[in-house]
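Coordinates in review
Each chain, letter by letter, is given below.
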Amino acid sequence: MLDTPVTPTTSALPILRVSGLHKEFPSSNGMVEALRGVSITINKGEFICLLGASGCGKSTLLRIIAGFEKSTRGSVTVYGAEVDSPGPDRGMVFQDYALFPWLTVRDNISFGPRQRGVPTPTVVKETERFLDMVGLTSFADRYPHQLSGGMKQRVAIARVLANDTDILLMDEPFGALDALTRSKLQEELIAIWKATKLTVIFVTHSVEEAVLLADQIVVMTAGPGRIDCQIKVDLPRPRDVSSPEFNALRRDVTRRLTSHVSGGRSIAATADS
Amino acid sequence: MSLETAVAAPKSGSGAGAAKTPAGKAAPRLWGRLKAIALASVVPLCLLFLWDFMVRRTGTRLIPPPSGVATMMWDFAFGGIYDDAYSGSLPIHFWKSVQRVYGGFFLATATGIPLGLMLGRIPLLRALLDPMLSLLRPVPVTAWLPLSMIFFGLGPKSAIFLVFLGAFYPIMLNTVFGVRSVDPRLFEAAEMLGCRGSQMFRAVVLPAALPSIFNGLRLGAGFAWILIVVGEMTGVPEGLGAVIMDGRTLSRTDLVITGMIIIGVTGYVSDRILLSLNNYFLRWSPQHNA
Ligand SMILES: Nc1ncnc2c1ncn2[C@@H]1O[C@H](COP(=O)(O)OP(=O)(O)O)[C@@H](O)[C@H]1O
Ligand SMILES: [Mg+2]
């Protein structure tokens, strides 16, 4: 299972295509190469985990996809259209929440639709729907500073969902949460993903989290950031973390992640032009 | 602004379980307030006694005793004691000064906040205006007095201009500071949700900079009351500043002190009003609720 390069089945519809992406940051002593030749194709409805040690360029890749950062070379396209700025089709959930502290939970969730001029009755209806989906109806009138970390992240997720996004980008969203809250939110995220049929790109440095959530794990290596391999996870859901299959896969992925040596099967070789 | 509110520590954070204060807590709270008032009056009362004592002891005729000022204040407000040009004239002087202070203050607010928001967000504008604004800033507002009298003539316009100048800088600079210190993630979040161009100012820049803007407003209002006395030296017949100046020329120290006390109290009340606006608009931020 591990070393099977994933070739998209012909029926799958590619929603996001990253090709030959390079990113360099200027620094005091020349340029820092953060990404080198990253290419991936992601199909509609897939749950992708970007897995790698910290500093390997996961956030940079996600921020380029989101349009917050410009690539040095290469391209990102959504349904064939070039991405060059942030847009409602790609919704980001940040690790530090980035909620608007002056808005209540309800107003945070309705922020996007209101800014885009969606008619008020629709906004109100959708907001209530997503408040309910993340279980925060009774906290709707609270301000962010009155919420726990887990609740804040639920608001951040609902805010993106209410904006009718196509691709959910998540940068270590549960990294700052305690273990219990994290596993609760992982479960809820899977339920939301199933209900909404969203495409999810989820950044994590936790092997267990990646194996638990992903349809497909994209393993990245550092110095400079490249894609090491893509691993398909076809364990049935809901996944049982104590099952032998889960643990076998987790061991394999961990080994892959820590080996770092021989360049691995770079997907760039198969997907790039 | 009072010392206590300027350095007030963040209110004990109301966590996720923030509940309304139960009725049982009302009594200790009232007691706490009374205690605060009692403590706050210790020093003024001591000063009052010291003042009275020193005037009697030295037998000076240059400074009236507190009772003399109290009589003057009554006469100034309601008349019927001295029956001179100042009897019962408080309302007109007060009203004129308030108009000028808030005229200048609102002008400073109406220009300082938008300019500060734009300076904070638009690098080109910053490059254009920042050097000049920084050069003009160290010039004391009082130094503008002669020029302002040439521009606006002798009269209320000059006073309003000085108040405007004095209030403008703290408001504008605090707004710029507020904008510059907004977490850039919030702009990214707003952009990613579809917020564009000028919408960003209303939806994100202004509310995010509001804590700092309120600091600027309170400082600005303080300066406005300081500058009204200078402003009303420019030959206006009415106003609290004018009254103080007249009192000086006529050697009526009771009138001077009366004017000082009224300005002090009004400035304090106006700061309290700004503070309650601050607390209302920043109720989302526990660290900015003084
Ligand atoms: N804005 C930036 N300026 C300079 N270097 C950066 C910047 N952002 C990221 N980097 C560098 O790029 C590399 C990848 O960073 P990042 O994408 O944050 O990794 P990860 O999210 O996997 O931990 C790191 O070496 C980091 O120092
Ligand atoms: Mg990161």
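Worth saying up front: this structure is predicted, and the values here are computed from it rather than measured.

**Some remarks on the overall build of chain B**
Along the backbone of chain B there are 11 helices and 0 strands. Seen through its principal axes, chain B has C-alpha atoms that stretch 75 × 60 × 30 Å. In chain B, buried positions account for 42% of the 290 residues. Within chain B, contacts between residues separated by at least 24 positions form 68% of all contacts whose residues are at least 6 apart in sequence. Carbon and sulfur atoms make up 70% of the accessible area of chain B, which totals about 16,200 Å². Positive and negative side-chain charges of chain B, numbering 24 and 14 respectively, have mean locations separated by a distance of 10 Å.

**Description of the pairing of strand E7 (residues 167–171) of chain A**
Residue and element names in this part refer to chain A. Burial analysis of E7 places 5 of its 5 residues in the buried class, the great majority of the element. Alternating residues of E7 divide into Ile167, Leu169 and Asp171 and Leu168 and Met170, and every residue in both groups is buried. Sheet topology note: the strand E6 (residues 90–93)/E7 ladder contains 4 bridges and is parallel. Counterpart to Val93 in the pairing with E7 is Met170. With 5 bridges joining them, E7 and strand E8 (residues 199–204) adopt parallel strand pairing. Opposite Met170, over in E8, you have Phe202 as the bridge partner. Regarding the hand of the β-α-β motif, the stretch spanning E7, helix H5 (residues 179–196) and E8 is right-handed.

**Digging into the packing of aromatic side chains**
Here a ring pair, both rings aromatic, is described through the centre-centre distance and the interplanar angle of the planes. One pass over the full model with this rule turns up 20 aromatic pairs over all chains. With 6.0 Å between their ring centres and 20 degrees between their planes, A:Phe68 and A:Phe94 make a pair best called stacked. A residue pair is termed long-range when its members are at least 10 positions apart, and A:Phe68 in the loop between helix H1 (58–66) and strand E4 (73–78) and A:Phe94 in the loop between E6 and helix H2 (105–115) qualify at 26 residues. Like A:Phe94, A:Phe68 is buried. Geometrically, the ring pair formed by B:Trp144 and B:Phe161 is edge-to-face, given 6.3 Å between the ring centres and 80 degrees between the ring planes.

**Brief notes about the interface of chain B and chain A**
Accessible area lost when the parts come together is the quantity often used to give the size of an interface. With 24 residues of chain B at the contact, the number on the chain A side is 27 residues. The contact between chain B and chain A buries some 2,200 Å² in all, and 63% of this surface belongs to carbon and sulfur atoms. Interface area lost by chain B to chain A is led by B:Met192, B:Leu193 and B:Trp284, which between them contribute 34%. Where chain B touches chain A, the interface holds 2 salt bridges. With its nearest N and O atoms 3.3 Å apart, the salt bridge here joins A:Asp96 to B:Arg185. For the pair chain B and chain A, the number of links is 7 residue pairs in polar contact (both at pLDDT 80 or more). Breaking the side of chain B that touches chain A down by element, the ones donating at least two residues are helix H8 (184–192) and helix H9 (199–231) of chain B.

**Re the nonpolar core**
Core analysis: the largest hydrophobic core is formed by 148 residues, its most contacted members being A:Leu16, A:Leu61, A:Phe100, A:Ile217 and B:Val204. Top contributing element to this core by residue count: H9(B), with 17 residues. Aside from chain neighbours lying at most four places away, what touches A:Leu16 is A:Ile40, A:Thr41, A:Ile42, A:Ile65, A:Val76, A:Thr77, A:Val78, A:Ile167 and A:Ile201.

**A closer look at the domain arrangement of chain B**
Domain boundaries in chain B define domain 1 (18–60) and domain 2 (68–288). Spacing between the C-alpha centres of domain 1 of chain B and domain 2 of chain B amounts to 28 Å.

**Side note on a nonpolar patch on the surface**
A surface patch of nonpolar side chains, amounting to about 740 Å² of accessible area, comprises B:Ile261, B:Val265, B:Tyr268, B:Val269, B:Ile273, B:Leu277, B:Tyr280 and B:Phe281. Relative to the assigned elements, B:Val269 resides in helix H11 (residues 253–281).

**Quick word on the sheet that holds strand E1 (residues 14–27) of chain A**
Residue and element names in this part refer to chain A. Reading across the sheet, the 4 strands line up as E2-E1-E4-E5 and stay open at both edges, with antiparallel pairing between neighbours. In this open sheet, the two strands that pair with only one neighbour each are strand E2 (30–43) and strand E5 (81–82). Pairing geometry for E1 and E4, over 5 bridges, is antiparallel. Bridging across to E4, Ser19 finds its partner in Ser75. Relative to the sheet, H1 contacts E1, E2 and E4, its axis offset from that of E1 by approximately 120 degrees.

**Some thoughts on the sheet that holds strand E9 (residues 216–221) of chain A**
The strands making up a sheet are joined through hydrogen bonds of the backbone, oriented either antiparallel or parallel. All names here are of chain A. Pairing is mixed in the open sheet, where 6 strands are placed in the order E6-E7-E8-E3-E9-E10. Edge positions in the sheet fall to E6 and strand E10 (226–232), since each has one partner strand and no second. Averaged over all neighbouring strand pairs, the angle between strand axes comes to 20 degrees, with direction disregarded. Here strand E3 (residues 47–51) runs beside E9; their pairing, made up of 4 bridges, is parallel. Across the sheet, Leu50 pairs through a bridge with Val218, a residue of E9. Along the sheet face, H1 touches E3, E6, E7, E8 and E9 and points at about 150 degrees away from the line of E7. On the sheet, helix H4 (residues 149–162) packs against E6 and E7 and is oriented at approximately 175 degrees with respect to E6.

**A short note on the site of ligand 1**
Residues and elements named next belong to chain A. Surrounding ligand 1, one finds Phe25, Ala34, Ala53, Ser54, Gly55, Cys56, Gly57, Lys58, Ser59 and Thr60. Between an oxygen atom of ligand 1 and a main-chain N or O atom of Cys56, the distance comes to 3.3 Å. Contacts to ligand 1 include Thr60, whose side-chain N or O atom sits 2.5 Å from an oxygen atom. Relative to its unbound accessible area of 570 Å², ligand 1 is 60% covered by the protein chains. Counting residues per element, the shell around ligand 1 draws most heavily on H1, at 3 residues.

Thresholds applied
Residues numbered from 1 in each chain as written. Chains lettered and ligands numbered in written order. Predicted model: local features only at pLDDT ≥ 70, side-chain atom pairs only at ≥ 80, totals over all residues. Heavy atoms only, no water. Helix = DSSP H or I, 4+ residues; strand = E, 2+ residues; numbered from the N terminus. Buried < 20%, exposed > 50% of the residue type's maximum accessible area, 1.4 Å probe, protein only. Contact = heavy atoms within 4.5 Å. Areas by Shrake-Rupley, 256 points an atom, 1.4 Å probe, with all protein chains shown as cover. Lys, Arg positive; Asp, Glu negative; His and termini not counted. Charge placed at Lys NZ, Arg CZ, Asp CG, Glu CD. Pairing = 2+ DSSP bridges. Right-handed = clockwise from strand over helix to strand, strands pointing away. Phe/Tyr/Trp six-rings, centres within 6.5 Å; stacked < 30°, edge-to-face > 60°. Buried area = accessible area lost by both parts, 1.4 Å probe. Salt bridge = Lys/Arg side-chain N within 4 Å of Asp/Glu carboxyl O. Polar contact = N/O pair within 3.5 Å; in protein donor to acceptor, adjacent residues only side chain to side chain. Core = buried A, V, L, I, M, F, W, Y, C linked by side-chain atoms within 4.5 Å. Domains from an automatic or database assignment. Patch = residues over 30% accessible without salt bridge, like charges linked within 9 Å, V, L, I, M, F, W, Y side chains within 5 Å. Axes fitted to C-alpha atoms, helices over the stretch in contact; angles between N-to-C directions. Near = heavy atom within 4 Å.

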